[in-house]
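Spelled out from the first residue to the last, the chains are:
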Amino acid sequence: MPDYFTLKLIWWLLILVLLIGFAIMDGFDMGVAMLLPFVGRTDEERRVAINVVGPTWEGNQVWLVLAAGAIFAAWPLVYAAGFSSYYLALLLALCALYLRPVGFDYRSKLANPRWRAFWDWALFTGGLVPALIFGIAIGNLFLGLPFRFDPTTLRVSYEGGLSGQLNPFGLVCGGLAAAMLALQGAAYLVLRSEGLVWQRARRYLHGLAILVSSLLLGVMIWLNFLPGLQLLQHGDLNTALSPLTKLVGQQAGGWLAHYQHTPWLKVVPLLALLGPAIASLFAARNLRWGAFLATSVTCAATLASAAIALFPFVLPSRIDPGSSLTLWDAASSQRTLLVMLVVTTLLLPIVLMYTGWVYRVLRGPITVEAIRANSKNLY
Amino acid sequence: MLAPSDVVDLSRLQFALTALFHFLFVPLTLGLSWILVICEAVYVMTGQTIYRDMTRFWGKLFGINFAMGVATGLTLEFQFGTNWAYYSHYVGDIFGVPLAIEGLMAFFLESTFVGLFFFGWDRLSKVQHLGVTTLLALGTNLSALWILIANGWMQNPVGAEFNYQTMRMELTSLSAVFFNTVAQVKFVHTVAAGYVTGAMFVLGISAWYLLKARDTGFALRSFAVAAGFGLASAVSVVVLGDESGYSTGEVQKVKLAAIEAEWETHPAPAGITVIGWPNQAAERTDYALKIPYVLGLIATRSTDTPVIGIKDLKKGHELRIRSGMQAYAALVRLRAGDRSDAVRLQFEQHKADLGYGLLLKKYTPAVVDASEVQIMQAVNDTIPKVWPLFFAFRVMVGLGLLFIFIFGVSAWSLARKQLAPRRWLLRLAVLSVPLPWVAAECGWIVAEYGRQPWTISGILPTHLSASSIDASQVWASLIGIGSIYLGLFVVELYLMLKYIRLGPASLATGRYHGEMRPQT
């Protein structure tokens, strides 16, 4: 049986994996939705884009639901303090997410052009707004959130809300997230569509690749000027720790300390930076899978870079650094972490297997002709 | 009543509305998914195309409903973190587990295969597609299983223990959480209610086609599937009623007493109050009509166990609140770093009642300095308002009996080939389509309103569970979510009615009412 220390570390990694799964898989659904009004000029072209992701997007969204559920079970304090600190931002993301299931299913059930145009913009919103907000939320982690814990009850209280989260750094991170998922969507359209939609998607892929790389570089440079947190003193990491028992210090450029101390870690952000350029090259040579893999690597490496930079913090506090949550003191009990690890090890491979099978059954490009031939039953 | 500034009440209102709204879509998904499996299984076995068309048409309506279920389900998961932060911290160690397993085991399954159900018809063999439909149905039902295990734990929190160092409840046994009697009974009862909803939906719409004499072959076969499936489900939902789970756990006993407006403990077996007017102030039921023995049999499944009345329950709660004050006093000293044996012993002796002590926080933050008046207020709080439970329960049971009658007469008339002349039955079936929803929502009101003043029965009071956010934020979300829900609901109903009116002709096969014959 793995000890508590190892379990805490594994769950940090697993939650990162789930978030990466969400960014890669649901990322291209959101990206396609963001590109929908631009790659499709006619109704049929838009239906091509919608049906590229339509049959499988629902399963991809579960990565988000599962990531949230895993944080609830493995890091209850993060779930509590994080979700309530981001109250209005998350509620806004939710309201946009409502539009996706209904948008996909309802859009083509009526022929009225205004009805369809409405749902096209609804789908667009459902892709753009959550991507922006998740980016802003991750960006704000580097600035710290305004929460603290009461020492007796561990009840969390806050100073400040949504307006404080809409700061320049957060907004740039939001823009980065939206551009990155749009790039992911463009790569998926290049992989799965034909004709005019394919041509336009490829054009957008090149433009978005430049945008994503520049934003990434900008964020990386900006991080040098942000003060970071450092864990100065802590109890035995192999035991249950209360968040208020540690000593936390602030230092300039602190979020990049790991990269300075362990230079080979720089490979991860480097991969993120190079991904878009490689995707662009592959797309130009019509290596469709290569382009999609490269944008997926960018999504994964970006999230991993952020997680490494914050390590071992997962939810820093701005107003009371001692209340910041780390993977060592936000974790559930040892039994819960173990039970959840066993369940995940058993079930996740099965999920990946049948998801792979479904994608194989539904493989092949979507064309305007296919939409015409089955107009009544497709999205 | 609702003070507009009260975050707890606003969050409760938001949770209640979003949960009740979500459950407008869940039961139909649960029931309709198995009806799709039945129709498609008949198609695979007999090869008759009409059963394939039935699967696809009811599948279209399933899809319109499913989309809303997915959209509104997201709110419920996120809301624990956004609105119920202290709850999430206090019980996430246990409560988060079934939610995460639900995602892995069930939500992935249904969400991955729902797309293939719609778009896999030409890419899969008959048997493969039936397999996909079955996995979809299995996924929706497994989803209900894990959610109800989570909910069952709120009603009867077993397999967990309080840890004063981390200041939260922690898991001691997953199997105890899984095999929790309350959760298991709740699961069977809830999915069966879903099956009734699906069956009544298909029965009513088919009856409407029969009344209009259109697509008769299609409608009759659908009617038959719904009548058979519905009869079995309606009998199960009443026989396997949730009430049998009410004998375990302190708060479940309170709920039972409140549902029955049993103020006094009567010698076993207790009689049931069919109808009356609960008078909470005077602690009696006016104009009560009672049938002897029945309640004892239903609630305790025995003739010699008494059903404890509200007055006696309150006496027990007073003792537990006083003991909870001791537990809280010890806890404060433990948290402050005093780990002496005397303090630990005091905590161990009283910690089972800590939750009852926390009830006093509403009146005095320090708990230990509560006056006698405040203790009596907390004792009164342990009993939820009786009349909503009393009446919601009776509406639910009455409707359950009506469903058995409708499905029973429908199945019998079909078997005797006397359906067509019984137009009153067809009309009754059409009018009854919304009723399973009424029954299901009443059921949730009984289960969740009846759990008050707790979020976790006996462990964590509702007034402590909410996030310490501004009321203005909750107002904003309440208005935002409310208006989007309302808009989407109007759209959903419009589409649903439109496709019901179109009928199987919406499949564009050329074989149904209102379609041009295909050119040969």
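Predicted model only: the values in this text are computed from it and were never measured. (Residues numbered from 1 in each chain as written. Chains lettered and ligands numbered in written order. Predicted model: local features only at pLDDT ≥ 70, side-chain atom pairs only at ≥ 80, totals over all residues. Heavy atoms only, no water.)

1. Things to note about the overall build of chain B
When its secondary structure is counted, chain B shows 19 helices and 6 strands. At 25 Å, chain B has a C-alpha radius of gyration in line with the 24 Å of a compact globule built from 520 residues. Over its C-alpha atoms, taken along the principal directions, chain B stretches across nearly 90 × 50 × 40 Å. Burial analysis of chain B (520 residues in total) assigns 60% to the buried set. Looking at chain B alone, contacts between residues at least 24 apart form 77% of all its contacts between residues at least 6 apart. For chain B, the exposed area adds up to about 19400 Å²; of that, 65% sits on carbon and sulfur atoms. For chain B, the separation between the mean place of its 40 positive charges and that of its 35 negative charges on side chains is 11 Å. (Helix = DSSP H or I, 4+ residues; strand = E, 2+ residues; numbered from the N terminus. Rg over C-alpha atoms; globule rule 2.2 N^0.38 Å. Buried < 20%, exposed > 50% of the residue type's maximum accessible area, 1.4 Å probe, protein only. Contact = heavy atoms within 4.5 Å. Areas by Shrake-Rupley, 256 points an atom, 1.4 Å probe, with all protein chains shown as cover. Lys, Arg positive; Asp, Glu negative; His and termini not counted. Charge placed at Lys NZ, Arg CZ, Asp CG, Glu CD.)

2. A few points about the UniProt feature "transmembrane region" (unreviewed entry) in chain A
All names here are of chain A. Feature annotation in UniProt places "transmembrane region" (unreviewed entry) on residues 12–39, 84–100, 121–149, 169–191, 203–223, 264–284, 291–315 and 335–354, given in this structure's numbering. Secondary structure within residues 169–191 divides into 100% helix and 0% strand; the distance between the first and last C-alpha atoms comes to 33 Å. As annotated, residues 203–223 comprises 100% helix and 0% strand, and the C-alpha atoms at either end are separated by 31 Å. (UniProt positions renumbered as here; feature names shortened; annotations may be inferred.)

3. Quick look at the packing of helix H5 (residues 126–155) of chain B against helix H17 (residues 435–449) of chain B
Residue and element names in this part refer to chain B. Their axes nearest at 10 Å, the elements H5 and H17 cross at an angle of 45 degrees. In terms of axis orientation, H5 runs oblique to H17. Taking contact as the criterion, the partners of Leu-148, Asn-151 and Gln-155 in H5 are, on H17, Trp-444, Ala-447 and Glu-448. (Axes fitted to C-alpha atoms, helices over the stretch in contact; angles between N-to-C directions. Parallel < 35°, antiparallel > 145°, perpendicular 65-115°, else oblique.)

4. What about the interface of chain A and chain B?
Accessible area lost upon the coming together of the parts serves often as the stated size of an interface. Across the contact, 71 residues belong to chain A and 83 residues belong to chain B. Each partner contributes to the roughly 7000 Å² buried at the junction of chain A and chain B, and carbon and sulfur atoms together form 72% of this total. Between chain A and chain B we count 0 salt bridges in total. In this structure, the connection of chain A to chain B is made through 27 residue pairs in polar contact (both at pLDDT 80 or more). Of all the secondary structure elements, the ones that give two or more residues to the side of chain A that touches chain B are helix H3 (57–74), helix H4 (76–85), helix H5 (87–106), helix H6 (113–143), strand E2 (156–158) and helix H13 (334–361) of chain A. Here the side of chain A that touches chain B is composed, by residue class, of 49 nonpolar, 15 polar and 7 charged. (Buried area = accessible area lost by both parts, 1.4 Å probe. Salt bridge = Lys/Arg side-chain N within 4 Å of Asp/Glu carboxyl O. Polar contact = N/O pair within 3.5 Å; in protein donor to acceptor, adjacent residues only side chain to side chain. Nonpolar A, V, L, I, M, F, W, Y, C, P; charged D, E, K, R; others polar.)

5. Let's talk about helix H12 (residues 341–350) of chain B
Residues and elements named next belong to chain B. Of all the positions in H12, only Val-343, Phe-347 and His-350 are classed as buried. Angularly, the buried residues of H12 cover 80 degrees about the axis, an arc narrow enough to put them on a single face. Exposed residues lying more than 90 degrees from the buried face of H12 are Asp-341, Ala-342, Leu-345 and Gln-349. (Arc of directions from axis to C-beta.)

6. Notes on the packing of aromatic side chains
Under the counting rule described, the total for this entry stands at 62 aromatic pairs over all chains. Ring centres of Phe-57 of chain B and Tyr-209 of chain B lie 6.5 Å apart, and the angle between their planes is 55 degrees; this geometry places the pair in the tilted category. Taken together, the residues span a long stretch of sequence, with Phe-57 of chain B in helix H3 (residues 49–83) and Tyr-209 of chain B in helix H7 (residues 181–211) at a distance of 152 residues. Just as Phe-57 of chain B is buried, Tyr-209 of chain B falls in that class too. Where Phe-117 of chain B meets Phe-118 of chain B, the ring centres are 5.1 Å apart and the plane angle is 75 degrees; that geometry is what we call edge-to-face. On the basis of relative accessibility, which here comes to 19%, the residue Phe-118 of chain B falls in the buried class. Members of the aromatic cluster, joined through ring pairs, are Phe-72, Tyr-79 and Phe-83 of chain A together with Phe-15, Phe-78, Phe-80, Tyr-87 and Phe-95 of chain B. The ring centre of Tyr-43 of chain B lies 5.0 Å from the NZ or CZ of Lys-126 of chain B, which sits over that ring. (Phe/Tyr/Trp six-rings, centres within 6.5 Å; stacked < 30°, edge-to-face > 60°. Lys NZ or Arg CZ within 6 Å of the ring centre and 35° of its normal.)

7. Considerations on the packing of H3 of chain B against helix H8 (residues 216–239) of chain B
The description of two helices packed together rests on the angle between their axes and the distance between the axes. All names here are of chain B. Contact pair H3 / H8: the axes reach a minimum separation of 10 Å and the direction vectors enclose 75 degrees. Here H3 lies roughly perpendicular to H8, going by the angle between them. Only Gly-217, Phe-218, Arg-221, Ser-222 and Val-225 of H8 make contact with H3, whose side of the interface consists of Ile-50, Tyr-51, Asp-53, Met-54, Phe-57 and Trp-58. Classifying every residue of the contact of H3 with H8 by side-chain character gives 7 nonpolar, 2 polar and 2 charged.

8. Structural notes on the pairing of strand E1 (residues 160–163) of chain B
Residue and element names in this part refer to chain B. When E1 meets strand E2 (residues 168–171), the two strands line up antiparallel, connected through 4 bridges. The partner of Ala-160 across the bridge, within E2, is Leu-171. Adjacent in sequence and paired antiparallel, E1 and E2 are bridged by 4 residues, among which Met-167 carries a positive phi angle near 60 degrees. (Pairing = 2+ DSSP bridges.)

9. Description of the environment of Ala-201 of chain A
Mapping Ala-201 of chain A onto the fold places it in helix H9 (residues 195–223). Among all residues touching Ala-201 of chain A, those that are not within four sequence positions of it are Val-39, Ala-186, Leu-189 and Val-190 of chain A.

10. Regarding the nonpolar core
Counting 320 residues, the largest nonpolar core has Trp-75 and Tyr-106 of chain A together with Trp-58, Leu-61, Tyr-90, Phe-95 and Phe-201 of chain B as its most contacted members. With near-sequence residues (within four places) excluded, Trp-58 of chain B lies in contact with Leu-32, Leu-36, Phe-201, Val-202, Ile-205, Ser-206, Phe-218 and Ser-222 of chain B. (Core = buried A, V, L, I, M, F, W, Y, C linked by side-chain atoms within 4.5 Å.)

11. Some words on H5 of chain A
Taking 1.5 Å of rise per residue, 20 residues should cover 28 Å, and H5 of chain A covers 29 Å from first to last C-alpha, within 8% of that figure. Taking burial as the measure, the 20 residues of H5 of chain A include 18 buried ones, the bulk of the element. (Expected span 1.5 Å × (residues − 1).)

12. Digging into the pattern of salt bridges
Note on pairing: side chains with opposite charge can pair once their charged atoms come close. In the structure shown here, the tally under the stated rule is 24 salt bridges over all chains. In this structure, Glu-448 of chain B and Arg-451 of chain B form a salt bridge, with 2.2 Å as the shortest nitrogen-oxygen distance.

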